[in-house]
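An overview of the molecular structure
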Amino acid sequence: MSTSTRHTAHLPRTLVGLTAAVLLVAGCSPGGDAPSPAPSETSSTTASSPAPSTDPSSSSSSSAPSPTSSTTAPTSSPSASGCPATEAGTPPGAATTQVVDVDGDGAADTAWLTGGADRTFGITTASGATSSLPIDSASPIAASAVVGTVSAVDGSDVTVALVDLGREARLLTFVDCAVTATTDSSGAPYVFDRGFTGQGTGVGCSDVDGENRLAGLLASQEGDGWTVTRTLIDLDDSGRLASNGTSEVVASGAGQDEPVVTTAQEVSCGDLVAGAGGLSEPAS
């Protein structure tokens, strides 16, 4: 959640340091209508960790109106020919990485990050369309990001970008050829806690009943073992609106180095982990 309306995952608060590994996510909605352990729907600085490439439940040893300030965004929807080209492209000096096909033309597309005071995340499609969104954050930590496809509550596919800023992770979507900031029901940006507020530690994409679901994760040490709580994130079919879904403990008494624990302290989707060889902000 944000400083004003924190929608970060309200999960148990026994966090220890963040580490690195692979997938998951959690959220919480304002007004207390979300499950206690959940990720974050917020308008400021909260965060949550990635999910392991394998669902924590299977890897644990124990039981267990959206702001879219898109710089050069086309207004038409994706089609078999892709998004219509824009005049501007990827900015010089931006860090880039190839990502999944975001506009349905069958060709891989490119995500990018610029650094410094004007830090910006953007996507340039193979068809030549560029859309971007400024990442307004005072975090001194270099941003990193992953892009993936997850299931909305109706089963449709939504392209999401998770931007890790160290103390929080921002949730963005690519919809109607534009990079868009996903919000909660109050219109505040949906943000995941990364251990800064005690509501979450990571974000990830988890296989749940055959669907790839976005989830907020909380890893907390309890005695000699670790407990990992997962909160599924319910996205509408456009990806513009997010809310906290069901929460469950997916591991208990787990070891600190087990994948279910380490991935609950990362920002990831599938095999992609933010800051681990993917898209990272260039040095300014």
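Refer to the structure presented above.
First, a word on scope: everything that follows refers to the structure included in this document.

1. Focus: the side chain of Thr-86
Its place among the elements puts Thr-86 in the loop between helix 1 (56-59) and strand 1 (95-99). One polar contact links the side chain of Thr-86 to the main-chain carbonyl oxygen of Ala-88, over a distance of 2.9 Å. Engagement of the side chain of Thr-86 in a polar contact is seen with the backbone nitrogen of Thr-130, the distance being 3.0 Å.

2. Regarding the state of the cysteines
Under the counting rule described, the total for this entry stands at two disulfides. Covalently, Cys-83 is tied to Cys-177 through a disulfide, its sulfur atoms 2.1 Å apart. Between Cys-83 and Cys-177 the sulfur-sulfur dihedral comes to about -95 degrees; the bridge is accordingly left-handed. Of this pair, Cys-83 sits in the loop between helix 1 and strand 1 while Cys-177 sits in the loop between strand 7 (168-175) and strand 8 (178-181), placing them 94 residues apart in sequence. A sulfur-sulfur separation of 2.0 Å characterises the disulfide bridge that pairs Cys-205 with Cys-269. Torsion about the S-S bond of the Cys-205 and Cys-269 cystine: about -110 degrees, corresponding to left-handed handedness. In this pair, Cys-205 sits in strand 10 (residues 202-208) while Cys-269 sits in strand 14 (residues 268-269), placing the two residues 64 residues apart along the sequence. Taking relative accessible area as the criterion, Cys-269 reaches 9% and is therefore assigned buried. Indicated for the chain is the disulfide connectivity 1-2, 3-4, based on numbering the bonded cysteines in sequence order.

3. Describing the packing of aromatic side chains
The geometry of an aromatic ring pair comes down to the distance between the two centres and the angle between the two planes. All chains considered together, the criterion is met by one aromatic pair. Seen from their ring centres, Tyr-190 and Phe-192 are 5.2 Å apart, and the 70 degrees between their planes marks the pair as edge-to-face. No difference in accessibility class separates Tyr-190 from Phe-192, as the two residues are buried. Lying over the aromatic face of Phe-196, Arg-167 brings its terminal NZ or CZ to 4.1 Å of the ring centre.

4. Digging into unusual backbone geometry
The backbone phi angle of Cys-177 is positive, close to 65 degrees, even though this residue is not glycine. Positive phi is not limited to glycine here, since Asp-209 has a value of about 50 degrees. The exposed category is assigned to Asp-209, whose relative accessible area is 80%.

5. Section: the nonpolar core
By size, the foremost hydrophobic cluster in this structure holds 23 residues, and its most contacted members are Phe-121 and Leu-172. In terms of nonpolar packing, the next biggest core, distinct from the first, is built from 19 residues, Ala-169, Tyr-190, Phe-192 and Ile-233 among them.

6. With respect to the sheet that holds strand 12 (residues 225-235)
What the four strands build is an open sheet, ordered 10-11-12-13; its pairing is antiparallel. Pairing within the sheet leaves two strands with one partner each, and these edge strands are strand 10 and strand 13 (242-254). The sheet shows a mean angle of 35 degrees between the axes of neighbouring strands, direction not considered. Pairing of strand 12 with strand 13, which is carried by eight bridges, proceeds in the antiparallel orientation. Each bridged residue has a counterpart across the sheet, and for Leu-235 the counterpart in strand 13 is Ala-242.

7. Here we look at the environment of Asp-105
Along the polypeptide, Asp-105 turns up in the loop between strand 1 and strand 2 (109-114). Among the residues examined, Asp-105 registers a relative accessible area of 22% and is labelled partly exposed. Each C-alpha atom of the pair Asp-105 and Ala-80 lies 4.5 Å from the other, and the pair is 25 residues apart in sequence.

Cut-offs applied
Residues numbered from 1 in each chain as written. Predicted model: local features only at pLDDT ≥ 70, side-chain atom pairs only at ≥ 80, totals over all residues. Heavy atoms only, no water. Helix = DSSP H or I, 4+ residues; strand = E, 2+ residues; numbered from the N terminus. Polar contact = N/O pair within 3.5 Å; in protein donor to acceptor, adjacent residues only side chain to side chain. Disulfide = S-S within 2.5 Å. Buried < 20%, exposed > 50% of the residue type's maximum accessible area, 1.4 Å probe, protein only. Phe/Tyr/Trp six-rings, centres within 6.5 Å; stacked < 30°, edge-to-face > 60°. Lys NZ or Arg CZ within 6 Å of the ring centre and 35° of its normal. Core = buried A, V, L, I, M, F, W, Y, C linked by side-chain atoms within 4.5 Å. Pairing = 2+ DSSP bridges. Axes fitted to C-alpha atoms, helices over the stretch in contact; angles between N-to-C directions.

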